[in-house]
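Architecture at a glance
Letter by letter, the chains look like this.
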Amino acid sequence: MIFIAVRFTVRPEHADNWLTIVDDFTRATRAEPGNLFYDWSRSVDDPNRYTLLEAFADSAAGEAHVDSDHFRAGMEAMAGAIAETPEILNVEVPGQGWNKMAELQPK
């Protein structure tokens, strides 16, 4: 599994509509056969910062994502709304996805 975390700092005038800006890209990526998840969150400390957590089944799926037309379109759409170059973490993780957290169970 390829796991990717990306932190985006968005220009203040685009922060409230960021999810609209990335909506087409998000939906297209989630529809890719090798995509395992693609989830956005907004910082509670900085309203201009968003984090994207995404995973792909393998490196071939990750390459297909980066080579897609919607990836290029998404990069173009985001470029006009970001305040700085995003930070990225990209790692290969053994296994196929989520596991249960042993330290916490619902009561």
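These figures come from a predicted structure and were not determined experimentally.

Let us look at the pattern of salt bridges. Taken as a whole, this structure holds seven salt bridges when the rule is applied. The salt bridge partner of aspartate 16 is arginine 42, with a shortest N-O separation of 2.9 Å. Taken together, the residues aspartate 16 in the loop between helix H1 (12-15) and helix H2 (18-21) and arginine 42 in strand S2 (residues 35-42) connect sequence positions 26 residues apart. Taking the shortest distance from any N to any O, the salt bridge between arginine 30 and aspartate 39 comes out at 3.7 Å. Its relative accessible area of 44% is what places arginine 30 among the partly exposed residues. Aspartate 39 sits in the partly exposed class, given a relative accessible area of 39%. Linked through salt bridges whose partners overlap, the residues forming this network are Arg7, Arg49 and Glu87.

Applying the stated criterion across every chain, the model contains eight aromatic pairs. For the pair tryptophan 18 and tryptophan 40, a centre-to-centre distance of 5.8 Å together with 85° between the ring planes defines the contact as edge-to-face. Of this pair, tryptophan 18 sits in helix H2 while tryptophan 40 sits in strand S2; the two residues are 22 residues apart in sequence, bridging distant segments of the chain. The two residues tryptophan 18 and tryptophan 40 agree in class, both being buried.

What counts and what doesn't
Residues numbered from 1 in each chain as written. Predicted model: local features only at pLDDT ≥ 70, side-chain atom pairs only at ≥ 80, totals over all residues. Heavy atoms only, no water. Salt bridge = Lys/Arg side-chain N within 4 Å of Asp/Glu carboxyl O. Helix = DSSP H or I, 4+ residues; strand = E, 2+ residues; numbered from the N terminus. Buried < 20%, exposed > 50% of the residue type's maximum accessible area, 1.4 Å probe, protein only. Phe/Tyr/Trp six-rings, centres within 6.5 Å; stacked < 30°, edge-to-face > 60°.

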